[in-house]
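Now for the letters of each chain:
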Amino acid sequence: MNEWGFAAEVSKWWEQAAAENPAWRFHKVRVEESVPGSRQRSDLVVLGDSPALCGEIRLPDHNNSSPLDFDNLKDAVSKALAHGCRWAFTSDARSLFLIDTQQTGSLITKIVHKEVLGEGFRRAELDDPAILSRMSKAWVGAFHELAPIITGLKKPEGMAADALFVEALRELLSAPVAAIRDAMHERRKADEAFQSDLIEWMVDDQGWAHDPAKWEQEVGRASKLTAYVFVTRLMFYEALRRSKSTLDPLALPSNNNAKLAEKMLRFQFDEARRISGDYETLFSWDRVSQYAMISDGCVPFWRRMVQHIEHFDLSTIDHDILGRLFERLIEPHERYEWGQHYTSSDVVDLMLSFALRDGSGNLLDPAAGGGTFLVRAYVRKKVLNPEQTHQERLKEIFGIDISRFPATLATVNLAIKQLEFEDNYPRVTTKSFFRVKPGDELMQLPLADSDGDVKQSSVPIPFMRAVVGNPPYVRIHKLGAHRQSEVLGVLGKGDRVRTPSKLPKSANYHVYFWLHGAQFLEPGGYIALLTAGEWMDSDYGAALQDWLLRNFKIEAFIESGAEAWFSEARVGTVVTIAKQCSDANERDDNFVRFVTLRQTVRALLGHHEAVEDHIRAVDMLRDRILGLRGHGEAVDMDWSAVRQSDLRALGSRSDVVER
């Protein structure tokens, strides 16, 4: 069965569903409907009094099947507009994406709804009546979800822009990843020196363990890392070019010669460094760049990436797209073992609403990763304090990560916001958080002095209004001896907030981020961390609870029964919001709210096109949580609010729940 035949089957299923639901007022579902003023045809058109929905279907074995491919999205939108139709869709018969052509923004941001239709299949299976019967149920079910939206009876919940961009970018990168992987395998088998260099890069530069029995997995991971880092550089170059008119557009040779492509890109990267005066680490021609152009077979895929790069204008996206993309490099079992988890932007926004109430003040993420907390803090500051300049916001946002690549990503995510400024240097550095104290030099940046002369200047790390983040969740014994010594060095320290002199040996790595992070707080500053919830009922957690109760007003513990806040669902999570407070009476009078959300944060907030409306909705949810008293249950959340003095007497969260 070809795509036309499959679309004809879908039209029959949907026509029958429309006949059974006259309230929809759909009269016909046509296949291969001519597009007005064009020789093109729409795969599927749902007709009411006028065209109501136009769609494009690609079967999975199509050369360009992805419903998130920009050519397919553009095709669907342009045909829908020609029909005078607001709603469009793209589908690969496994998933369907509904597009609101009236939505503002780029193509990807017009997607407002997704329907999962089933697993992959072979085209030959479409001739099996049993397979078609199963698929018909999925397509009819999807139509029942779409109909209320396109008829105006229901508003779409909307889709997170970061997730959509990551998925679209990953689809586009699948081809260069495969080309790099195949070329790496071929070269390492034929060239012993290349293989030795590759091992050195993986072990010494990336910190990976090498196992000769696992070459397949290791080369797969290396090819992904190469492609993801290289595309970051291409996207950053394109963003920089839009603000620096003297930079030429990216170009690759039509003859697919990798050596020539390397020369052309090296020249353009050198020009980017020269014109911008910085970003050397982003535009260096290192091993990553060499591997990206490892063979002629990679060049046409990078050319296609360059042609589509306009769709990935990171300066217009207020989310950590790159961090989400890099998360895919880490297998789920590795994320679980090493405590590396991505945090969704909705949860981050809620945490920042507590910690940066009015958007002002310094903020630190001591385990910055790709920069989600930093990017969303920038957005919050921009919304609540629009009079602030770009440079003033950057001067209040600080990030530290022990790994170079995440720190680089966080730098890109912030710098890309307004590249037209010369002084555009995020305060993000690569070092161990536990080797830094308030007032220490965080880094050096090329900054202008009072006479306007630019020179390398020391940037000290100040006290913070808020310390926020999602610190690594890993057992201490998995750390090397050097890092264990670093974290133990924070015990028994501090003036305003004294850390415990000792902790149980079972204490998790994240506990030390609490203790050391508190040393950076200004009086009345907030600590807001997302961690695994295990600590609340553990031996080492009792010490952490006691320390929090003696030094902070704990505003809320928030959990979710509706979604996983860590990318690895095996880990239960809790958000803790605490405000530094030296007044014992004030601490005792405080209400601690234990909240379990019964709906996703996105459902609680609703879908908002304007970021200002989104932030307003976040703050309303925060205020609702802060207003909770007593014990209660609702459709969207359960809660128990207890005076902090009572909580100290009870000793543990489990006692509160039982009470």
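Further up the page is the structure itself.
The paragraphs below set out a description of the structure included in this document. (Residues numbered from 1 in each chain as written. Predicted model: local features only at pLDDT ≥ 70, side-chain atom pairs only at ≥ 80, totals over all residues. Heavy atoms only, no water.)

Look at helix α12 (residues 345-355) against helix α21 (residues 611-626): their axes get within 9 Å of each other, and the N-to-C directions meet at 60°. Judged by the sense of rotation from one axis to the other, the crossing of α12 with α21 is right-handed. Touching Asp 346, Asp 349, Leu 350, Ser 353 and Phe 354 of α12 are His 614, Val 618, Asp 619, Leu 621, Arg 622, Ile 625 and Leu 626, all from α21. (Axes fitted to C-alpha atoms, helices over the stretch in contact; angles between N-to-C directions. Helix = DSSP H or I, 4+ residues; strand = E, 2+ residues; numbered from the N terminus. Left-handed = near helix turned anticlockwise from the far one by under 90°. Contact = heavy atoms within 4.5 Å.)

One non-glycine residue with positive phi stands out, namely Arg 25, at about 65°. Summarising the element assignment, Arg 25 is placed in the loop between α1 (3-20) and β1 (28-34). Unusually for a residue other than glycine, Asn 256 sits at a positive phi of about 65°. Position of Asn 256 among the secondary structure elements: in the loop between α6 (215-243) and α7 (258-276).

Looking at the secondary structure, you find Ser 276 in helix α7. When the C-alpha positions of Ser 276 and Leu 240 are compared, they lie 8.2 Å apart, and in sequence the two are 36 residues distant.

Of note, Leu 117 is situated in the loop between β6 (111-116) and α3 (129-150). Look at Leu 117 and you get buried, because its relative accessible area is 10%. Between the C-alpha atoms of Leu 117 and Ala 93, which are 24 residues apart in sequence, the distance is 6.5 Å. Excluding its chain neighbours within four sequence positions, the residues that come into contact with Leu 117 are Ser 91, Ala 93, Arg 94, Ser 95, Leu 96, Ala 138, Trp 139 and Ala 142. (Buried < 20%, exposed > 50% of the residue type's maximum accessible area, 1.4 Å probe, protein only.)

Here we come to the packing of aromatic side chains. Counted under the stated rule, the structure contains 28 aromatic pairs. Their ring planes at 50° and their centres at 5.4 Å tell us that Phe 269 and Phe 283 sit as a pair that is tilted. Here Phe 269, found in helix α7, pairs with Phe 283, found in the loop between α7 and α8 (287-292); they are 14 residues apart in sequence, far enough to count as distant. The buried category is assigned to Phe 269, whose relative accessible area is 1%. The exposure class assigned to Phe 283 is buried, which follows from its relative accessible area of 1%. An angle of 70° between the planes, with centres 4.9 Å apart, marks the rings of Phe 434 and Phe 513 as edge-to-face. Separated by 79 residues along the polypeptide, Phe 434 in the loop between β9 (427-430) and β10 (441-448) and Phe 513 in helix α17 (residues 509-518) bring together distant segments of the chain. Phe 513 carries the same exposure label as Phe 434, and that label is buried. Cluster of aromatic residues (ring-pair linked, three or more members): Phe 6, Trp 13, Trp 14, Trp 24, Phe 26, Phe 89, Trp 139 and Phe 143. For the cation-ring pair, Arg 393 lies above Tyr 378, with the distance from its terminal atom to the ring centre recorded as 5.4 Å. Here the guanidinium or amino end of Arg 496 rests over the ring plane of Phe 463, the centre of that ring lying 5.6 Å away. (Phe/Tyr/Trp six-rings, centres within 6.5 Å; stacked < 30°, edge-to-face > 60°. Lys NZ or Arg CZ within 6 Å of the ring centre and 35° of its normal.)

One pass over the structure, following the stated rule, counts 36 salt bridges. Arg 304 is the partner of Asp 69 in a salt bridge, and the nearest nitrogen-oxygen pair spans 2.6 Å. Of the two residues, Asp 69 is situated in the loop between β3 (51-57) and α2 (70-82) and Arg 304 in helix α9 (residues 299-308); the sequence distance between them amounts to 235 residues. Judged by its relative accessible area of 8%, Asp 69 is buried. Notably, a salt bridge pairs Asp 270 with Arg 273, separated by 2.8 Å at the nearest N-O pair. With Asp 270 and Arg 273 both in helix α7 and three residues apart, this pair spans about one turn of that helix. With a relative accessible area of 38%, Asp 270 lands in the partly exposed category. The structure contains a network of salt bridges with shared partners spanning Asp 43, Glu 56, Arg 58, Asp 75 and Lys 79. (Salt bridge = Lys/Arg side-chain N within 4 Å of Asp/Glu carboxyl O.)

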